[in-house]
Amino acid sequence: MDYPTFPPEFLWGVSTSAFQIEGATAEAGRGPSVWDTFTATDGKIARGEDAKVAADHYHRYSEDIALMAELGVGAYRMSIAWPRIQPTGTGKPNAEGLAFYDKLIDEVCAAGIAPAVTLYHWDTPQALEDAGGWLNRDTAHHFAEYAAIIGERFADRVKLWIPLNEPMVMSIYGYGIGEYAPGQFLLLDALPTAHHQNLAHGLATQALRAAGADNIGTANNHSPIWAVDNNTDEDDKTEAAKTWLDALLNRTFADPLLLGTYPEQIHPHLPEGFANDLPTIHQPLDFYGVNYYEPQGVAAPGEGNPLPFELRPVEGYPMTTNDSPIVPQGLRELLVSFQDRYREHLPPVYLTENGCSFADEPDETGQVHDPERIDFLDGHLRALREAMNAGVDVRGYFVWSLLDNFEWSKGYAPRFGLVHVDYETQRRTPKDSFSWYRKLVRHE
């Protein structure tokens, strides 16, 4: 097969997150998180599913590391569960939690794979949420204390550090529209949570560097914004809506980190005195992580809409089982536009997440054929190569995900993994895409 080509030093990896794969949510001193509370609330998760076992990675991590070694990837992007380290989000660390990640990280290193550690993938300790969560500025300072604990313990072994994963999702989906934990519906009044997460990033970056960590970046979800309103009489309004949504989804999380500013549209919705925090947020970064899945469609708001935009589906493309349009060229557009927007302020880029879900199940021989995922990865990697040819400095790519896992409010139906997980038996079965990616990574 004709594979897209990349430099020899290009870093290939896979990504996971603690809550989605670990299970063992009540073991070894781990405290409850907002997602434990959310999944226990009637009607929040499809089919009433939960993550108490998930992919049982907590007990089966050696098997999963062996799969990564077979793949030949150079890095494993994992997250640490904050409530496993600090069950209430503050205070003395839980020795059993630290010991688990010690064993996990040591075994990843022993397999010749570089750990890329995310400190926070949405699993806020419930006790902190009870005190206001990300609406409370204190949470940013508690997060910095947690970052110091992790940095002091693991700085000698971790290759890449990501303080927070996709703060946009926590702000918009968790606090803005309530689809994700903690399930609040605040619309634009959720924006203080964006600022407090950005502040947490800056404070944690300082804490990590003080602990001897280096190679610190971020992992922000970004989308090109596409106008899909066909009413030419509304062109000006549609363009204004497009600009607003770009500010909300993209620039609110990139501008403070890269430029030390916020887009003006966002200013009225931020906490008083937000500008005083910008020097702390605007820390030097060693890389910028981009998570890309799809473009976002937008139109001018209709009558009665309290928002300055209206979300619309992007139509005319194949769809994943997670209801995402498959648009590889959106990745090229996004990266090139970022290069144009931020220029010398943009550090080297990693694609820290990119993947897709399909209804993957074993056939009568036990094999899992997923040609749609292979096409998805091939198309997106070719678009990534085009962005690099256009001058974007991309250093690596991480597939989401190594394993099928708990996909938040949609439960276990969307399967994103290169490896199929039978949730009844926990049997792991590498899919055809696993073999395809292995050949790419190993240059076979």
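Residues numbered from 1 in each chain as written. Predicted model: local features only at pLDDT ≥ 70, side-chain atom pairs only at ≥ 80, totals over all residues. Heavy atoms only, no water.

K.L.:
Break down the sheet that holds strand β8 (residues 296–299) for me, citing the residues and quoting the values.
P.N.:
Sheet architecture is open: three strands sit in the order β6-β8-β9, paired in mixed fashion. Both edges of this open sheet fall to β6 (225–227) and β9 (310–312), since each of them pairs with a single strand only. Shown here is a sheet whose adjacent strand axes are inclined to one another by a mean of 45°, direction ignored. Here β6 pairs with β8 via three bridges, running parallel. Pairing of Trp226 across the sheet is with Gly297, part of β8. (Pairing = 2+ DSSP bridges. Helix = DSSP H or I, 4+ residues; strand = E, 2+ residues; numbered from the N terminus. Axes fitted to C-alpha atoms, helices over the stretch in contact; angles between N-to-C directions.)

K.L.:
Pulling in residues and values, what's your account of the packing of aromatic side chains?
P.N.:
Counted by the stated rule, this structure contains 35 aromatic pairs. Where Tyr3 meets Trp436, the ring centres are 5.2 Å apart and the plane angle is 40°; that geometry is what we call tilted. Taken together, the residues span a long stretch of sequence, with Tyr3 in the segment before β1 (11–15) and Trp436 in helix α14 (residues 432–442) at a distance of 433 residues. Residue classification places Tyr3 among the buried residues on the basis of a relative accessible area of 16%. Pairing Phe406 with Tyr412 gives two aromatic rings, centres 5.3 Å apart and planes at 65°, and the pair type is edge-to-face. The same class applies to Phe406 and to Tyr412, which are both buried. Three or more aromatic residues joined by ring pairs make a cluster, and in this case those are Phe19, Trp35, Phe38, Trp122, Tyr173, Tyr180, Phe406, Trp408, Tyr412 and Tyr423. (Phe/Tyr/Trp six-rings, centres within 6.5 Å; stacked < 30°, edge-to-face > 60°. Buried < 20%, exposed > 50% of the residue type's maximum accessible area, 1.4 Å probe, protein only.)

K.L.:
Just give me the short version of the side chain of Thr39, but keep the residues and values in it.
P.N.:
Position of Thr39 among the secondary structure elements: in helix α2 (residues 34–39). Classification of Thr39 by relative accessible area gives buried; the value is 12%. A distance of 2.9 Å separates a polar atom in the side chain of Thr39 from the backbone oxygen of Trp35. Not counting the four nearest positions on each side in its chain, Thr39 is found in contact with Phe19, Ile45, Glu49, Asp50 and Phe406. (Polar contact = N/O pair within 3.5 Å; in protein donor to acceptor, adjacent residues only side chain to side chain. Contact = heavy atoms within 4.5 Å.)

K.L.:
So what's going on with the sheet that holds strand β2 (residues 75–79)? Which residues, and what values?
P.N.:
Overall, parallel pairing links the eight strands, which are arranged β4-β3-β2-β1-β11-β10-β7-β5 in an open sheet. Where the open sheet ends on each side, the last strands, each with one partner, are β4 (160–164) and β5 (219–221). This sheet shows a mean twist of 25° between the axes of neighbouring strands, independent of strand direction. Sheet topology note: the β1/strand β11 (residues 394–400) ladder contains five bridges and is parallel.

K.L.:
Go over the pairing of strand β7 (residues 288–291) with me, naming the residues and quoting the values.
P.N.:
Burial along β7 is two-sided: the residues Tyr288 and Val290 and Gly289 and Asn291 are all buried. As defined by bridge partners, β5 adjoins β7 across three bridges and the pair is classed as parallel. The residue bridging Asn220 from the neighbouring strand is Val290, located in β7. Across four bridges, the pairing between β7 and strand β10 (residues 349–353) is parallel.

K.L.:
Can you tell me about unusual backbone geometry, naming the residues and giving the values?
P.N.:
A cis geometry characterises the amide bond from Ala181 onward to Pro182, with omega recorded as 5°. With respect to the element layout, Pro182 can be found in the loop between α8 (167–176) and α9 (191–210). Backbone torsion omega between Trp400 and Ser401 reads 10°, so that peptide bond is classified as cis. With a phi close to 55°, Ala28 is a non-glycine residue in the positive phi region.

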